[in-house]
Amino acid sequence: RGVLIKIVQIVTRKTTRLCSTKPIVTVNGQYPGPTLSAREGDTVLVKVVNHVKYNVTIHWHGIRQIRTGWADGPAYITQCPIQPGQSYVYNFTLTGQRGTLWYHAHILWLRATVHGAIVIKPKLHVPYPFSNPHQEVVLVLGEWWNADTEAVINQATKTGLAPNVSDAHTINGHPGPIASCVSSQGRTDGYKLKVKSGKTYLLRIVNAALNEDLFFKIAGHKLTVVEVDAIYTKPFTVDTVVITPGQTTNVLLTADKTLGQYLVTASPFMDAMIVAVDNKTATATLHYKVPPRNATSIATSFATSLLSLNSKKYPANVPREVDHSLLFTIGLGINPCSTCVNGSRIVAAINNVSFVMPETALLEAHFFNKQGVFTTDFPGKPLVPFNYTGSGPTNLQTTNGTRLYHLAYNSRVQVVLQDTGTISPESHPIHLHGFNFFVVGQGVGNYDSNTSPSTFNLVDPIERNTIGMPSGGWAAIRFKADNPGVWFLHCHFEVHTTWGLKMAFLVDNGKGPNESLLPPPNDLPKC
Ligand code: C2O
């Protein structure tokens, strides 16, 4: 068991991409930020010092934070933000987790540039359940806006419309050779990964993009998926890895070609880097700019191929019975808005409730029993009946509220996430803080409580922290509420979160000695 102590500085750094230079908020001046490397069982102390003019928090996406909700990071959910000139020490232990996760700012849209990978190695002398790779490579997929990202959001809030899409996708901070600008200033030829012929590489892929599911592909090469969201999977081989914002995926790449360069793409926008096999005599680059035509079928087959390893060492402890059976409709709607340029605005809601951020942290309000900050009447089923037909809006009404759903310690929860497709069918990457969940079922169209459960996999379903809900369909997830605190659930498309697609669970303390939320640290920021 080690203790890892780090100090990171949140600083502004002038950065040039696509011929455009702007100051961006970074971790230690780097974009993406440095990789945090640790080992299963380690206690991690990261002091985050805020040198910028914005409020900041950091979320350790996928880290369970058992009893340490104070270190989880979502602003106004588990902590007040770190104000300019202040600092805060995130203190947590990596219990029972190993693999690739990531960290990102969890306030406004700062995570566009404030993010990085977390690599948790297995305990000493514990091997991977696959053969040891020759080398491990972190690939952080992101998005770049030439405009200031704050301006992009402000514009969207003012008009009530969707924000502008990003100007490029990036791999480890670099737009691809095609998307790059051609003048010499700010030109980039993309990120290059050099590999040796015949060797196998473990790619640790993070989707840190704000608003885009990505299709990751390496021309001429197959990829073997071995882990998602720091959970080992039954290995399976694909051409294309489907990865939503928030998700992480580890794949094995065997460099089985001899010479050449192979384009690595993260569609939709074809921004790329190059894998160069024996790069000395690199010749042509194969350029292709086709976003997958059958994206939905690729996504479906990828999702259904994902299964937990479920071995003796890594069992899948799926709750067989449930205490709470919830149905959450996930959708967008249009509400009147007097301050919006267009007289209406897009809102997003779960069960017709558009979540309103409080002004003080929910976890503190809960711990200190402060009244009037939230209510615990979040509806367990939609407030308005719906019937998703795939054509036309049926379920647009929303109300506002800071409503939580209350769970007893150790209760077993099933949530059916149903896309209501009110504007058009959409895939939503739904992320739950504080837990992993099992994806026990998924399908297209309406969930049917009579017939759908018979299709559930309760043996080896994939376990993860972020699910790409099938577009125009549903997914059923299960988890055990064994972590006391306040835990955010939201769409990891930043724009949907901004519109209100979020809620939180409130989990009680248990009765046992190690079953209650620890007290807040002394340096917990104040609102
Ligand atoms: Cu990675 Cu609440 O998010």
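Residues numbered from 1 in each chain as written. Predicted model: local features only at pLDDT ≥ 70, side-chain atom pairs only at ≥ 80, totals over all residues. Heavy atoms only, no water.

Okay, the state of the cysteines next. All told, the structure shown has 2 disulfides when counted by the stated rule. The partner cysteine of C80 in its disulfide is C527, sulfur to sulfur 2.0 Å. The sign of the -100° torsion about the S-S bond sets the C80-C527 disulfide as left-handed. Of this pair, C80 sits in the loop between strand 5 (58-61) and strand 6 (87-93) while C527 sits in the segment after strand 33 (502-507), placing them 447 residues apart in sequence. Two residues, C337 and C340, share a disulfide whose sulfurs are 2.0 Å apart. Classification of the bridge connecting C337 and C340 rests on its S-S torsion, roughly 80°, and on that basis the disulfide is right-handed. Accessibility expressed as a relative area gives 10% for C337, which makes it buried. (Disulfide = S-S within 2.5 Å. Helix = DSSP H or I, 4+ residues; strand = E, 2+ residues; numbered from the N terminus. Buried < 20%, exposed > 50% of the residue type's maximum accessible area, 1.4 Å probe, protein only.)

Moving on to helix 1 (residues 149-159). Among the residues making up helix 1, those that are buried are T149, V152, I153, A156 and T159. Here the buried residues of helix 1 occupy an arc of 140° about the axis, which is enough to place them on one side. Away from the buried face of helix 1 by more than 90 degrees, exposed residues T157 and K158 are located. Buried positions along helix 1 lie against strand 2 (20-27) and strand 22 (344-350). (Arc of directions from axis to C-beta. Contact = heavy atoms within 4.5 Å.)

This part takes up the sheet that holds strand 3 (residues 36-39). Here 4 strands make up an open sheet; going across it, the order is 3-8-7-5 and the pairing mixed. Of all the strands in the sheet, the pair left with one neighbour each is strand 3 and strand 5. Pairwise comparison of adjacent strand axes, ignoring direction, gives a mean angle of 25° for this sheet. Pairing geometry for strand 3 and strand 8 (residues 115-121), over 4 bridges, is parallel. Note on strand 8: the bridge partner recorded for L36 is I118. (Pairing = 2+ DSSP bridges. Axes fitted to C-alpha atoms, helices over the stretch in contact; angles between N-to-C directions.)

With that settled, consider the confidence of the model for the protein chain. Low pLDDT marks stretches whose predicted atomic positions should not be read closely. The pLDDT averaged across the protein chain works out to 88; a share of 89% of its residues lies at or above 70. Contacts of residues 269-291 to residues separated by more than four positions or lying in other chains number 86 contacts, the stretch itself having pLDDT below 50. (pLDDT = per-residue confidence, 0-100.)

With omega at -5°, the peptide bond leading from Y31 into P32 counts as cis. Structurally, the position occupied by P32 is in the loop between strand 2 and strand 3. Notably, N28 is not glycine yet its phi reads approximately 55°, a positive angle. Within the secondary structure layout, N28 lies in the loop between strand 2 and strand 3. In this structure N28 comes out as partly exposed when scored by relative accessible area, which is 30%. The phi angle at R67 is positive, at roughly 70°, despite the residue not being glycine. Its place among the elements puts R67 in the loop between strand 5 and strand 6. Residue class for R67 comes out buried when judged on its relative accessible area of 16%.

Time to look at the nonpolar core. Of all hydrophobic cores here, the largest spans 73 residues; its most connected members are L203, F216, F328 and F505. Two domains share this core, each providing at least three of its residues, namely domain 2 (137-305) and domain 3 (324-507). Ignoring any residue separated from it by four or fewer positions in sequence, one finds F328 in contact with I350, N351, F378, P379, V415, V416, L417, Q418, M503 and F505. Of all hydrophobic cores here, the second largest spans 47 residues; its members include L4, A71, I82 and Y88. (Core = buried A, V, L, I, M, F, W, Y, C linked by side-chain atoms within 4.5 Å. Domains from an automatic or database assignment.)

Summarising the element assignment, R204 is placed in strand 13 (residues 200-207). In contact with R204, other than residues within four places in its own chain, are G99, T100, V119, Y128, E136, V137, V138, L139, T249 and N250.

Where empty space is left can be seen by rolling a probe of water-molecule size over the atoms. Considering only enclosed or pocket space, the largest pocket measures out at about 1100 Å³ in volume. As for the largest pocket, its lining consists of 48 residues, of which D213, A299, S427, G468 and M469 are closest to the centre. The leading source of residues in the lining of the largest pocket is helix 2 (residues 295-305), at 7 residues. Broken down by class, the residue content of the lining of the largest pocket amounts to 26 nonpolar, 17 polar and 5 charged. (1 Å grid on protein atoms, 1.4 Å probe; cavity = no way out; pocket = protein on both sides within 12 Å on 5 of 7 lines; lining within 4 Å. Points joined across faces, edges and corners; volume = space filled by probe spheres on them. Nonpolar A, V, L, I, M, F, W, Y, C, P; charged D, E, K, R; others polar.)

Taken as a whole and assessed by the stated rule, the structure comprises 10 salt bridges. For E40, the salt bridge goes to R98, with nearest N and O atoms at 3.1 Å. Of this pair, E40 sits in the loop between strand 3 and strand 4 (43-50) while R98 sits in the loop between strand 6 and strand 7 (99-105), placing them 58 residues apart in sequence. The class of E40 is buried, set by a relative accessible area of 13%. Counted as one network, the salt bridges with shared partners bring together K121, E136 and R204. (Salt bridge = Lys/Arg side-chain N within 4 Å of Asp/Glu carboxyl O.)

A full pass over the atoms with the stated rule returns 21 aromatic pairs. Each ring, one from Y88 and one from Y90, has its centre 4.7 Å from the other, and the planes form 65°; the classification is edge-to-face. On the accessibility criterion, Y88 (1% relative accessible area) is buried. Relative accessible area serves as the criterion here: at 0%, Y90 is assigned to the buried category. Taken together, a centroid distance of 6.2 Å and an interplanar angle of 55° make the contact between F355 and F488 tilted. Of the two residues, F355 is situated in strand 23 (residues 353-355) and F488 in strand 32 (residues 485-491); the sequence distance between them amounts to 133 residues. Overall, F355 belongs to the buried group, its relative accessible area being 6%. Among the residues examined, F488 registers a relative accessible area of 2% and is labelled buried. Of the aromatic side chains, those joined through ring pairs into one cluster are F328, F378, Y405, F435, F479, W487 and F505. K22 extends its terminal NZ or CZ atom over the ring of W144, reaching a point 4.6 Å from the ring centre. (Phe/Tyr/Trp six-rings, centres within 6.5 Å; stacked < 30°, edge-to-face > 60°. Lys NZ or Arg CZ within 6 Å of the ring centre and 35° of its normal.)

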